[in-house]
Amino acid sequence: MGATGLAGTTGLFAQEATPASKHNYNFKNISPRELIQQRHLPNVELITQDNQKVHFYTDLVKDRRVVIQFMFARCKDICPVITHHLVEVQRLLKGRVGSDIFFYSITLSPEEDSPRDLKAFAKKHGTGPGWTFLTGKPDDIFLLRKSLGFFYNDPKEDADRNNHSGMVVVGTEPLMRWTMCQGGAKPEWIATVIQTEMDAPFQGAVDGMRQADPAVHMQSKQAVDGGVPAVHVHKQ
């Protein structure tokens, strides 16, 4: 699992430090994939820009290749820039978004961003099929943000939604392959990171399965028709 450092945090899937005196090791017979899901991919309920209720892990992430961005509709600085870059990335991926790659933009301001606001934001920036904008209960968004590693140790700094770096999460969930890239980078570079992470042949294996192994179930558009089609943190 690769990870690019995140300013103010300890990186992708970061966790707050626990004093050694409070360590409580309780080892269980649980697979690495399930452990990642329990710790970092909470199955919180979210609402799409089309006012559909979905669950983050089971409906959006499980068995999928995903790109995840945090934003908010009233952002005037980095959010529009990164969203514009991802629109270009979507074009460069030539129809794969919504087919075998899914984009998600999650609001940092669920108190303000209604599904209607997110839909207007998506339309304004020309996002295409396979890209879902999401809001939800503030506590659930907070849990999701922290679980993905988008937080600052200083509570005051963390509470400022404008005080976040422009990172984007790139993941292939069934292979437990997760990394980050800079959303402010050139779209061509972001697209290259996504394609390399998601398509590069592996020399090793995960749970005995290689990327090309048909036993690795990757959900595609055909598998989710009739369902929902398809972390930014930004710093001024």
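The coordinates are above.
S.K.: For this particular structure, what's the right way to read the packing of aromatic side chains?
M.R.: Each aromatic ring pair is summarised here by two numbers: the centre-to-centre distance and the angle between the ring planes. Inspection of every chain in the model, using the stated rule, returns 3 aromatic pairs. Ring centres 5.3 Å apart and planes at 75° place the aromatic pair Phe 103 and Trp 131 in the edge-to-face group. Of this pair, Phe 103 sits in strand 4 (residues 101-107) while Trp 131 sits in strand 5 (residues 131-136), and the two are 28 residues apart along the sequence. Both residues of the pair, Phe 103 and Trp 131, belong to the buried class. Here the aromatic rings of Trp 131 and Phe 133 are separated by 5.6 Å at their centres, their planes lie at 10°, and the arrangement is stacked. Here the two residues Trp 131 and Phe 133 agree in accessibility, since each one is buried. It is Arg 64 that lies over the ring of Phe 102; its NZ or CZ is 3.9 Å from the centre.

S.K.: Can you help me understand the pairing of strand 6 (residues 167-172) in this one?
M.R.: Along any regular strand the residues' side chains alternate between the sheet's two faces. For strand 6, a buried count of 6 out of 6 residues is recorded, marking the element as mostly surrounded by other parts of the structure. A two-sided burial pattern is seen for strand 6, the buried positions comprising Met 167, Val 169 and Gly 171 on one face and Val 168, Val 170 and Thr 172 on the other. In the sheet, strand 3 (residues 65-71) pairs with strand 6 via 4 bridges, with the strands oriented antiparallel. From the neighbouring strand, Val 66 faces strand 6, where its bridge partner is Gly 171. When strand 6 meets strand 7 (residues 177-182), the two strands line up antiparallel, connected through 6 bridges. Counterpart to Gly 171 in the pairing with strand 7 is Trp 178. Hairpin geometry of strand 6 and strand 7 is characterised by an intervening segment of 4 residues between the two adjacent antiparallel strands and by a positive phi of about 55° at Met 176.

S.K.: Even after reading the chapter, I still don't get the nonpolar core, so can you show me in this structure?
M.R.: Side chains of a nonpolar character, in soluble globular proteins, are inclined to be buried together. Counting 54 residues, the largest nonpolar core has Leu 46, Phe 56, Ile 68, Phe 103 and Ile 194 as its most contacted members. Among all residues touching Leu 46, those that are not within four sequence positions of it are Gln 52, Lys 53, Val 54, Phe 56, Leu 60, Leu 134, Thr 135, Gly 136, Ile 141 and Leu 144.

S.K.: Can you walk me through the side chain of Gln 69 in this structure?
M.R.: Mapped onto the elements of the fold, Gln 69 is located in strand 3. Overall, Gln 69 belongs to the buried group, its relative accessible area being 1%. Of the polar contacts made by the side chain of Gln 69, one reaches the side chain of Ser 105; its length is 2.4 Å.

About the cut-offs
- Residues numbered from 1 in each chain as written.
- Predicted model: local features only at pLDDT ≥ 70, side-chain atom pairs only at ≥ 80, totals over all residues.
- Heavy atoms only, no water.
- Phe/Tyr/Trp six-rings, centres within 6.5 Å; stacked < 30°, edge-to-face > 60°.
- Helix = DSSP H or I, 4+ residues; strand = E, 2+ residues; numbered from the N terminus.
- Buried < 20%, exposed > 50% of the residue type's maximum accessible area, 1.4 Å probe, protein only.
- Lys NZ or Arg CZ within 6 Å of the ring centre and 35° of its normal.
- Pairing = 2+ DSSP bridges.
- Core = buried A, V, L, I, M, F, W, Y, C linked by side-chain atoms within 4.5 Å.
- Contact = heavy atoms within 4.5 Å.
- Polar contact = N/O pair within 3.5 Å; in protein donor to acceptor, adjacent residues only side chain to side chain.

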